[in-house]
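Chain and residue survey
Residue-level listing of the chains:
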Amino acid sequence: MNGQSKPIDADPGGALFADGAGAFEVIAALPLAPDYSLSFRNFSVQKQKGEIKLLKVIGTESVTVPAGTFDAYKVEISAADNEADKQTVWIDKASRKVLKISAVLPSLNGAVLTSELAK
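Attention now goes to the overall build of the chain. Summing up its helical and strand segments, the chain has one helix and six strands in all. Secondary structure elements of the chain occur, N-terminal to C-terminal, as α-β-β-β-β-β-β. Relative to its 119 residues, the chain shows a buried fraction of 28%. Pairs at least 24 residues apart make up 34% of the contacts formed inside the chain by residues separated by at least 6 positions. Of the roughly 7,500 Å² that the chain leaves accessible, carbon and sulfur atoms contribute 52%. In the chain, the 13 positive side-chain charges and the 14 negative ones have mean positions that sit 3 Å from each other.

Structure below.
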């Protein structure tokens, strides 16, 4: 941060799912279906420790974004130890493109960040 580096020496507690660019595309490639769920281990750089994330397809719905209207899986991802730390992802059922992401940011007093697929 601010051009400073800080080495991290922490035990992640097991194999990790890499969070970052492309992570939602990997989730879109999973065998999503109604009621599909799984858990995975992630590493929180902010907390400097491994954490368990819970993923669940909570339904399907029509979602409209600037790129159009799509029939989508609605996927919720939350921290196992903090349900307020949550992301909702809409994934097109046909193409498996990530259409929309809505993330609650507890570190910013619950602000919501939304991203949508453009044309």
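What follows concerns the layout of surface pockets. What the largest pocket holds in volume is close to 540 Å³. Counting only elements with at least two residues in the lining of the largest pocket, the list comes to helix H1 (23-28), strand E1 (37-44), strand E2 (49-65), strand E4 (82-92) and strand E5 (98-105). The element that contributes the greatest number of residues to the lining of the largest pocket is E1, accounting for four residues. A class-by-class count of the residues in the lining of the largest pocket yields 12 nonpolar, six polar and five charged.

So, about the pattern of salt bridges. With the rule as written, the count across this model stands at six salt bridges. One salt bridge in this structure joins Glu61 and Lys74, with 3.9 Å as the shortest N-O distance. With a gap of 13 residues between them, Glu61 in strand E2 and Lys74 in strand E3 (residues 68-79) connect regions that are remote in the sequence. Judged by its relative accessible area of 30%, Glu61 is partly exposed. Given a relative accessible area of 23%, Lys74 falls into the partly exposed group.

By size, the foremost hydrophobic cluster in this structure holds 14 residues, and its most contacted members are Phe24, Val75, Ile77, Val89 and Ile91. Elements represented by at least two residues in this core include exactly H1, E2, E3, E4 and E5. Leave out the neighbours within four places in its chain, and Val89 touches Phe24, Tyr73, Lys74, Val75, Ile77, Val98, Lys100 and Ile101. Of all hydrophobic cores here, the second largest spans five residues; its members include Val63, Val65, Ala72 and Leu99.

With that settled, consider the packing of aromatic side chains. Inspection of the entire model under this criterion finds one aromatic pair. Of note, Lys93 hangs over the ring of Tyr73, and the distance from its end group to the ring centre comes to 5.4 Å. The ring of Trp90 carries the charged tip of Lys100 above its face, separated from the ring centre by 4.9 Å.

Thresholds applied
Residues numbered from 1 in each chain as written. Predicted model: local features only at pLDDT ≥ 70, side-chain atom pairs only at ≥ 80, totals over all residues. Heavy atoms only, no water. Helix = DSSP H or I, 4+ residues; strand = E, 2+ residues; numbered from the N terminus. Buried < 20%, exposed > 50% of the residue type's maximum accessible area, 1.4 Å probe, protein only. Contact = heavy atoms within 4.5 Å. Areas by Shrake-Rupley, 256 points an atom, 1.4 Å probe, with all protein chains shown as cover. Lys, Arg positive; Asp, Glu negative; His and termini not counted. Charge placed at Lys NZ, Arg CZ, Asp CG, Glu CD. 1 Å grid on protein atoms, 1.4 Å probe; cavity = no way out; pocket = protein on both sides within 12 Å on 5 of 7 lines; lining within 4 Å. Points joined across faces, edges and corners; volume = space filled by probe spheres on them. Nonpolar A, V, L, I, M, F, W, Y, C, P; charged D, E, K, R; others polar. Salt bridge = Lys/Arg side-chain N within 4 Å of Asp/Glu carboxyl O. Core = buried A, V, L, I, M, F, W, Y, C linked by side-chain atoms within 4.5 Å. Phe/Tyr/Trp six-rings, centres within 6.5 Å; stacked < 30°, edge-to-face > 60°. Lys NZ or Arg CZ within 6 Å of the ring centre and 35° of its normal.

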